[in-house]
Amino acid sequence: MREEPMEPMNSKGPLAGIRILEVGHMLAGPYATMMLADLGAEVTKIEPPGGDISRQVSDSYFASLNRGKRSVCLELATDEGQRRLGELVAESHALLVNLKPSGIHKLGLTYDALRRHNQKIVCVALTGYGLEAGDDPAFDYVIQAATGIASLTGDPDGPPTLPGYSSADNSTGLTAALGLLAQIVSGRGGQVDVSLRDVMLSQLNYRASAYLNDGVEPRRYPNGAHSYYVPAQLFDTADGYLALFITHDGFWGLFSAEAGVTGFATMAERAANRDEVLAVVSAVLAGDTALGWEARLRPLGIPAAAVRTLPEALRATPEVVVRAGEFELVRSPIRVVGFDPEYGAPPQLGQSS
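Residues numbered from 1 in each chain as written. Predicted model: local features only at pLDDT ≥ 70, side-chain atom pairs only at ≥ 80, totals over all residues. Heavy atoms only, no water.

- In the nomenclature of an unreviewed UniProt entry, the protein is known as CoA transferase of Mycolicibacterium hodleri.

Listed below in structure tokens is the structure:
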């Protein structure tokens, strides 16, 4: 069998030739389209005269969500704005909108409204609760509270806790990008509806399944402990915290040999004797530092990592930092063999109009 030659580096991205329009603000929608731009799509950001609200946060914030895009300034509530929108839709593959449902309908940003310009246009509505579900406020933290995420996070004796980043917005952005690409691949135009609420409930997969099928109500454990696996949580050490994630008996055997721990050979035993296991593991881990344990356990294939700050993590992985214009940003998490993305600068407002 003759092997096909490999594409040279810096070849066109897998989404080269795909043209995507974005009408959105802040995070979820712009993050979705930036992931697509990183893969070679041509993304045109349609902004109102005042620009995306995220421009008001900081230049670096805007850059982190909008590198490599074009910017067209349109007032979509005017006849001229609608005329120009129709022209852009006619030559594009998809439109992703991140607005309230009422705004999406009012501005005619649905497939039903735009199909007259392009029967194959894919229209993605990214909203809080669904395109037909109304305009209830739906920011990231609100969704985490409404879907049970906050109630599952934090110490059991403390208040509900939110992660230190916008997990709902980012997760929904990635899901919206997946839905957009799936409909393009189908070869049909149409409406795609993605909501923050549905995405976060979906990501509670095994928690929701345990409740729906087995009647098991989720609970919080100290130190972020996993509900099924033991020991799988954060542990205090002689210096710093260690994340240890023992998911099966093979890992436990390797850990036991290195740490000098005996007993509890099976997953069932460890789950049934959670408190005793955690007491034994906590005592032994206190005998070395988090970095020390990481250095000892990782070569054995045991999932373990010292808890690092973001600056420490970035210093430890300089290869993930790329330059986009004047900004240093984290590269795309999608690595395609033979393709080395060229990360463009974030656009100036209306520079492509």
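### Some words on the overall build of the protein
Step number 1: In terms of regular secondary structure, the protein is built from 14 helices and eleven strands.
Step number 2: Summarising its shape, the C-alpha atoms of the protein cover approximately 75 × 50 × 50 Å along the three principal directions.
Step number 3: Counting the 353 residues in the protein, one finds 44% classified as buried.
Step number 4: Sequence-distant contacts, at least 24 apart, represent 67% of the contacts inside the protein between residues at least 6 apart.
Step number 5: Summed over its atoms, the accessible surface of the protein is roughly 18300 Å², and 55% of this surface lies on carbon and sulfur atoms.
Step number 6: A distance of 5 Å separates the average location of the 29 positive side-chain charges in the protein from that of its 41 negative side-chain charges. (Helix = DSSP H or I, 4+ residues; strand = E, 2+ residues; numbered from the N terminus. Buried < 20%, exposed > 50% of the residue type's maximum accessible area, 1.4 Å probe, protein only. Contact = heavy atoms within 4.5 Å. Areas by Shrake-Rupley, 256 points an atom, 1.4 Å probe, with all protein chains shown as cover. Lys, Arg positive; Asp, Glu negative; His and termini not counted. Charge placed at Lys NZ, Arg CZ, Asp CG, Glu CD.)

### Overview of the domain arrangement of the protein
Step number 1: In terms of domain boundaries, the protein breaks down into domain 1 (19-204) and domain 2 (223-307).
Step number 2: For domain 1 versus domain 2, the distance between C-alpha centres works out to 41 Å. (Domains from an automatic or database assignment.)

### Some points on the pattern of salt bridges
Step number 1: For the structure on display, the rule yields 15 salt bridges.
Step number 2: In this structure, Glu22 and Lys69 form a salt bridge, with 2.7 Å as the shortest nitrogen-oxygen distance. Here the residue Glu22 occupies a position in strand S1 (residues 19-23), and Lys69 occupies one in the loop between helix H2 (59-66) and strand S3 (70-73), the gap between them amounting to 47 residues. In this pair, the class of Glu22 matches that of Lys69, namely buried.
Step number 3: With a closest N to O distance of 2.7 Å, Glu47 and Arg55 form a salt bridge.
Step number 4: Overall, the relative accessible area of 1% leaves Glu47 in the buried class. (Salt bridge = Lys/Arg side-chain N within 4 Å of Asp/Glu carboxyl O.)

### Points about the nonpolar core
Step number 1: Ile20, Leu36, Ala41, Val124 and Leu180 are the most contacted members of the largest nonpolar core, which totals 29 residues.
Step number 2: Apart from the residues lying within four places of it in its own chain, the contact partners of Ile20 are Thr33, Leu36, Ala41, Glu42, Val43, Thr44, Ala94 and Leu180. (Core = buried A, V, L, I, M, F, W, Y, C linked by side-chain atoms within 4.5 Å.)

### Digging into helix H1 (residues 28-38)
Step number 1: Judged by how many residues are buried, H1 sits mostly within the fold: eleven of eleven residues are covered.
Step number 2: If you check which residues of H1 are buried, you get Ala28, Gly29, Pro30, Tyr31, Ala32, Thr33, Met34, Met35, Leu36, Ala37 and Asp38.
Step number 3: Contacts made by the buried residues of H1 are with S1, strand S2 (42-47), H2, strand S4 (94-97), strand S5 (122-127) and helix H7 (167-186).
Step number 4: Directly beyond the C-terminal end of H1, a positive phi value near 105° is found at Gly40.

### Structural notes on the side chain of Gln144
Step number 1: Looking at where Gln144 falls in the secondary structure, it is placed in helix H6 (residues 140-146).
Step number 2: Residue Gln144 is classed as buried on the basis of its relative accessible area of 0%.
Step number 3: Separated by 2.5 Å, the side chains of Gln144 and Asp140 make a polar contact.
Step number 4: If we skip the residues at most four places from it in the chain, Gln144 touches Ile149, Ala150, Leu162, Pro163, Tyr165, Ser167 and Ala168. (Polar contact = N/O pair within 3.5 Å; in protein donor to acceptor, adjacent residues only side chain to side chain.)

### What about a nonpolar patch on the surface?
Step number 1: A surface patch of nonpolar side chains, about 320 Å² in accessible area, is lined by Leu310, Leu314, Val321 and Val330.
Step number 2: Tracing the sequence through the fold places Leu310 in helix H14 (residues 310-316).
Step number 3: The exposed category is assigned to Leu310, whose relative accessible area is 59%. (Patch = residues over 30% accessible without salt bridge, like charges linked within 9 Å, V, L, I, M, F, W, Y side chains within 5 Å.)

### A look at the sheet that holds strand S7 (residues 232-236)
Step number 1: Pairing is antiparallel in the open sheet, where three strands are placed in the order S7-S8-S9. The sheet is open, and its two borders are formed by S7 and strand S9 (304-306), each paired with just one other strand. Geometrically, the sheet is characterised by an average inter-axis angle of 20° between neighbouring strands, direction not taken into account.
Step number 2: Running at roughly 45° to S7, helix H12 (residues 274-285) makes contact with S7 and strand S8 (241-245) of the sheet. (Pairing = 2+ DSSP bridges. Axes fitted to C-alpha atoms, helices over the stretch in contact; angles between N-to-C directions.)

### Remarks on helix H13 (residues 290-297)
The periodicity of an α-helix, 3.6 residues per turn, causes residues three or four places apart in sequence to face the same way.
Step number 1: Every buried residue of H13 is accounted for by Ala290, Gly292, Trp293, Glu294 and Leu297.
Step number 2: Buried-residue contacts for H13 involve S8, helix H10 (249-259), H12 and S9.

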